[in-house]
Amino acid sequence: MTKTRVIVVGAGIAGPVLAIFLKTRGYDPIIYERLPGPGEGGLSFMLQPNGLRVLSLIPEFVEQIQGKSPDKMMHCSSLDGKEDILADFDVSPHSMRERFGFPMIGVRRSEFQKLLIDTAENHGIEIKWGHQAIEFDQSEDAVEVTFANGVKGTASFVVGCDGLHSNTRTALFGKEKAEFTGLAQFGGLSPTPPALRGKLVMLNNYTNGRHMITYPVADDKYSWAITTREAEVKEDWKTQSVEQQDKIRGGPLSAWGFGAGDLIKTGERIVKYGLYDRPELKSWFKGRVVLLGDAAHPTSPHLGQGA
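In the annotation of an unreviewed UniProt entry, the chain is listed under the name FAD-binding domain-containing protein and assigned to Rhizopogon vesiculosus.

**Student:** Requested: an account of the nonpolar core, with residues and values cited.
**Tutor:** Counting residues in hydrophobic clusters, the biggest one holds 29 residues, and the most contacted among them are Val-8, Leu-47, Leu-52, Leu-55, Phe-61, Ile-65 and Phe-112. For this core, the secondary structure elements donating two or more residues are strand E1 (5-9), helix H1 (14-24), helix H2 (49-55), strand E6 (105-108) and helix H4 (109-122).

**Student:** Can you lay out the domain arrangement of the chain for me, pointing to particular residues and giving the numbers?
**Tutor:** Under the domain assignment, the chain is made up of domain 1 (5-67 + 107-177 + 279-291) and domain 2 (179-277). Taking only C-alpha atoms into account, the centre of domain 1 sits 29 Å from that of domain 2. Domain 1 puts twelve residues into the contact, and the matching count from domain 2 is 16 residues. Together domain 1 and domain 2 conceal approximately 1200 Å² of surface at their shared face, both sides included; 59% is due to carbon and sulfur atoms.

**Student:** Can you lay out the layout of surface pockets for me, pointing to particular residues and giving the numbers?
**Tutor:** Roughly 320 Å³ of internal volume is contained in the second largest pocket. Considering the residues around the second largest pocket, the lining is formed by 13 residues, among which Phe-186, Glu-230, Lys-247, Ile-248 and Lys-272 are closest to the centre. A total of four residues in the lining of the second largest pocket trace back to one element, the largest contributor, which is helix H6 (residues 242-249). Looking at side-chain class alone, the lining of the second largest pocket contains four nonpolar, four polar and five charged residues.

**Student:** Kindly report on unusual backbone geometry, identifying the contributing residues and their values.
**Tutor:** At Glu-60, a residue that is not glycine, the phi angle is positive and equals roughly 65°. Along the polypeptide, Glu-60 turns up in the loop between H2 and strand E4 (72-77). The exposed category is assigned to Glu-60, whose relative accessible area is 63%. At Arg-269, a residue that is not glycine, the phi angle is positive and equals roughly 50°. Among the structural elements, Arg-269 can be located in strand E16 (residues 268-277).

Scoring rules and cut-offs
Residues numbered from 1 in each chain as written. Predicted model: local features only at pLDDT ≥ 70, side-chain atom pairs only at ≥ 80, totals over all residues. Heavy atoms only, no water. Core = buried A, V, L, I, M, F, W, Y, C linked by side-chain atoms within 4.5 Å. Buried < 20%, exposed > 50% of the residue type's maximum accessible area, 1.4 Å probe, protein only. Helix = DSSP H or I, 4+ residues; strand = E, 2+ residues; numbered from the N terminus. Domains from an automatic or database assignment. Contact = heavy atoms within 4.5 Å. Buried area = accessible area lost by both parts, 1.4 Å probe. 1 Å grid on protein atoms, 1.4 Å probe; cavity = no way out; pocket = protein on both sides within 12 Å on 5 of 7 lines; lining within 4 Å. Points joined across faces, edges and corners; volume = space filled by probe spheres on them. Nonpolar A, V, L, I, M, F, W, Y, C, P; charged D, E, K, R; others polar.

Below, the structure is given as structure tokens:
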């Protein structure tokens, strides 16, 4: 019996996870990705218990995740030059497993994506790189997808997992205006600062009009991101120029307390991007094509949970 073919558009995070689930349930998924190969885009994220519960449905996957679990979470204030600890509580793996069944794990996005790609390929899923989906022609029982390089593919269903700037979403529902939130973020990866050595802390630091979140992603690395109000900047996640990075490293935030300033001063590959919201869709599908992840519900960051 012929298995049902499903085209998955996008090999970021949602795409490979979905494809693995489809494969284990008897479907025939194939992934198309516009980029030429796995990239270094993005910095990191904190995998939380609800996400790990889903990922645990992939046999032996969670055990392979490379990252670090914080032991505690701290909220600190550096307002008006005065440093205060606002809250300090236990988020150790033992505590989180007791409460929610799974810990939290800070991971570098590029490493996590590579693990997903390897796992998908080990399940026999083909990934076609360098294929940007641009047209979707639906018939009664199939969808023909045309890619920018002229290649065409046909499947019973298509799932658009192509992220924030989803061509699948645009093809289904037209172009939409992205609204700048008035907020920008910049962040990077840094060696563990002296104030945090020997600790595994997920730290929130607040000062006038700014917030930093930082957490460990390796034995000697912390990832960090600062949210601040400023004039509109592009939504492109590109690494800043050497001059721009030096300006951030030497700026006033380099004096921030609780190790935050040291993270900024030693930041590697600092990126900066604007935060935008998009209109809510009343439906995430049309015919045989459906959206998943940021393609369906792109929002500005919220507690590390997307939408």
